[in-house]
Amino acid sequence: MIQEQDFEEFKQEYGVDLSPALRSINSTSWGDPDGFHLIDLYRVKNTTLHQEYKRAGHIQGGFERLQRVAHDYHRFKKAKGVFDYTDLIVEFKKQNQSPKLEVLIVDEVQDLKPVEWDMVKIMMDQARVVYLGGDDDQAIYSWSGADVSKLINLKCHERVLDQSYRIPKNVFLRSNKLIGKVKNRIPKEWRSREALGNVSNISYERLNFRENEWLVLCRTNYYLNEIANDLRSKGYLFEKNNKLSIKDEVLIAFNCWSALQNNSEVSLPDVKVMYQYIKSGENGIARGFKKMKGADEEKKYSYQELSQEWGLNTNIQTPWDIALNGIGDQELVYMRQIIRRGYNLNKKSNLRLSTIHGAKGGESQNVVLFTDISKRIADGMAVNRDDERRVFYVGMTRAKENLFIIPSTSQYEFEEILR
């Protein structure tokens, strides 16, 4: 399989970085003015590169450049003997063979791309029993080539799972009102939980995320980053796209110093990280010891050993924010804030931030859903609103108890969920 180092080699050889467009799950023309995501998109949609180029509108560099890069990419993979994910499916289609199967189960079929449907159909022909699971109302990956019409038009025996164990009544009513506006969908009857829950349109500034469980959802990463910056300035500890708001290495250094202060021994990898955040010098790390060359990888180290044998000159009584003087000023201020607010840095945060796409399948006691959208999304809605209705429906139905909808303060907004 093609790896990151292969993309780096391609970049060095051809002067083009394809990694962001072809390896990212969020690759779209919104963040890809060169249109390189089309190199994979036309293959998964069983179309041509020129067809996708024409649909995409303006592409930086024009079609000839895009076609040349696509040709170079194909030739590069062939010369290296590597494949990407789509190559494997295309090869499966060419062979048109599948083992005999007693049971075939395919989940999330609303997200299958045409080339993946072709693969599934080959396996279906060789299976005694086939189960396909999916929900056309949650089809939110059309931008990556997914074709929900394949599910909607499928001729088969249907069974609706008609009881939700997550969604309370008021969230059910508001979200069903939205999804009911979608023109091409499978009608379905299902029930919410008995609990009422709550749906409210509210100003973001009125929310307090300190207690209980929270999931904050934005339509794009741009708005998500804006919210993350605001929460950092207010001293909240949170996870964004499954990563803690404190850098992993900074947290390792903090925990390592705290462990040494508590007379515990620490591993060599953790010590090496901590040493990167302690400056060299008389009260820091002695010259020549930063990388701890020759240290035993399997051994654990006490403060006494580090200070006597491995160049650690910092007094053990020194507070963490003075000892770890290599932490940047902004990160240092942020960590002081969250510690003063009583957060346990090693406990899973009660506050998560995600794009709606990133939260699919997730849930939370309290969901905060921002209505802000980009100009490009707003322009697309002028032609087709149903894709965005499905996206915001997915966001709304993450709520187990309370759904807080935040009206936009910008020019562009998905206003349908406000009423």
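Residues numbered from 1 in each chain as written. Predicted model: local features only at pLDDT ≥ 70, side-chain atom pairs only at ≥ 80, totals over all residues. Heavy atoms only, no water.

## Some remarks on helix H1 (residues 4-14)
Every α-helix winds through 3.6 residues per turn, so residues three or four apart in the chain are directed the same way. The condition that has to hold: Exposed residues in this analysis have more than 50% of their type's maximum accessible area, buried residues have under 20%, and partly exposed residues fall in between, with area computed by a 1.4 Å probe over protein chains only. Helix and strand labels come from DSSP, where a helix needs a run of H or I of at least four residues and a strand needs a run of E of at least two; each type is numbered from the N terminus. Note: the arc covers the axis-to-C-beta directions of the helix. Note on contacts: a residue pair is in contact if any heavy atoms of the two residues lie within 4.5 Å.
Listing the buried residues of H1 in full gives Asp6, Phe7 and Phe10. Along the axis of H1, the buried residues cluster in a sector spanning 100°; they form a single face. Turned more than 90 degrees off the buried face of H1, the exposed positions are Gln5 and Gln12. Turning to H1, the residues buried within the fold contact helix H2 (19-23) and helix H5 (62-80). Phi turns positive, to about 75°, at glycine 15, one or two residues after H1.

## Section: helix H17 (residues 386-396)
Counting buried residues along H17, ten of its eleven residues qualify, which places the element largely inside the surrounding structure. Of the positions making up H17, those classed as buried are Asp386, Glu388, Arg389, Arg390, Val391, Phe392, Tyr393, Val394, Gly395 and Met396. In this structure, the buried residues of H17 make contact with helix H8 (149-152), helix H9 (169-179), strand E4 (214-218), strand E10 (364-370), helix H16 (375-381) and strand E11 (399-406).

## Comments concerning the nonpolar core
Note that soluble globular proteins tend to have their nonpolar side chains buried in a common cluster. Just so we agree on the cut-off: Working definition of a nonpolar core: buried Ala, Val, Leu, Ile, Met, Phe, Trp, Tyr and Cys residues. They are joined through side-chain atoms within 4.5 Å.
Core analysis: the largest hydrophobic core is formed by 56 residues, its most contacted members being Phe209 and Leu324. Ranked by residues supplied to this core, first place goes to helix H11 (residues 248-261) with eight residues. When sequence neighbours within four positions are dropped, the list of residues in contact with phenylalanine 209 reads Tyr204, Trp214, Val216, Leu231, Tyr236, Asn350, Leu351 and Val368. Within the second largest apolar cluster, 38 residues are counted, among which are Leu41, Leu66, Trp117 and Val148.

## As for a nonpolar patch on the surface
As a reminder of what qualifies: Residues enter patches when their relative accessible area tops 30% and they take part in no salt bridge; the joining distance is 9 Å for like charges and 5 Å for the nonpolar side chains Val, Leu, Ile, Met, Phe, Trp and Tyr. Residue exposure ignores everything except the shown protein chains as possible cover, and the areas themselves are Shrake-Rupley values with a 1.4 Å probe. Whenever Lys or Arg places a side-chain nitrogen within 4 Å of a carboxyl oxygen from Asp or Glu, that contact is recorded as a salt bridge.
A contiguous nonpolar patch, built from Met1, Phe83, Tyr85 and Leu88 and spanning about 430 Å² of accessible area, is present on the exposed surface. Its location among the elements puts leucine 88 in helix H6 (residues 85-95).

## Re the pattern of salt bridges
One pass over the full model with this rule turns up 37 salt bridges. In this structure, aspartate 6 engages lysine 80 in a salt bridge whose closest nitrogen and oxygen atoms are separated by 3.4 Å. Of the two residues, aspartate 6 sits in helix H1 while lysine 80 sits in helix H5, which places them 74 residues apart along the sequence. The shortest N-O distance in the salt bridge between aspartate 84 and arginine 43 comes to 2.8 Å. Residue aspartate 84 is located in the loop between H5 and H6, and its partner arginine 43 is located in helix H3 (residues 38-44); the two are separated by 41 residues in the primary sequence. In terms of burial, aspartate 84 and arginine 43 fall into one category: buried.

## Observations regarding the packing of helix H4 (residues 49-56) against H5
In plain terms, the rule: To get an axis, a line is fitted to the C-alpha atoms, and for a helix only the part in contact is used. The angle between two axes follows their N-to-C directions and goes from 0 to 180 degrees. We call two directions roughly parallel when the angle between them is under 35 degrees, roughly antiparallel when it is over 145, roughly perpendicular when it lies between 65 and 115, and oblique otherwise. Crossing handedness follows the turn of the near helix against the far one: under a right angle anticlockwise gives a left-handed crossing, and clockwise gives a right-handed one.
Contact pair H4 / H5: the axes reach a minimum separation of 11 Å and the direction vectors enclose 135°. In terms of their interaxial angle, H4 and H5 are classed as oblique. Regarding H4 and H5, the two cross each other, and that crossing is right-handed. Facing H4, whose interface residues are Leu49, His50 and Tyr53, H5 presents Gly62, Phe63, Leu66, Gln67 and Ala70.

## Observations concerning the sheet that holds E4
Applied cut-off: Here the rule is simple: two strands pair whenever DSSP picks up at least two bridges between them.
Pairing is mixed across the open sheet formed by seven strands, whose spatial order is E3-E11-E10-E4-E9-E5-E6. Two strands in the sheet have a free side with no partner beyond their single neighbour: strand E3 (198-201) and strand E6 (243-244). As defined by bridge partners, strand E5 (residues 239-240) adjoins strand E9 (residues 351-355) across two bridges and the pair is classed as parallel. Paired with glutamate 239 across the strands is arginine 352, a residue of E9. Each of E3 and E11 is contacted by H9, which is oriented at about 55° to E3, the strand it contacts most. Together, E4, E10 and E11 form the strand contacts of H17, whose direction differs from that of E10 by roughly 145°.

## Describing unusual backbone geometry
Here asparagine 46, not a glycine, exhibits a phi torsion of approximately 60°, which is positive. Mapping asparagine 46 onto the fold places it in the loop between H3 and H4. Residues other than glycine seldom take positive phi values, yet methionine 292 does so here, at roughly 50°. Among the secondary structure elements, methionine 292 is positioned in the loop between helix H12 (268-276) and strand E8 (300-301). In this structure methionine 292 comes out as buried when scored by relative accessible area, which is 2%.

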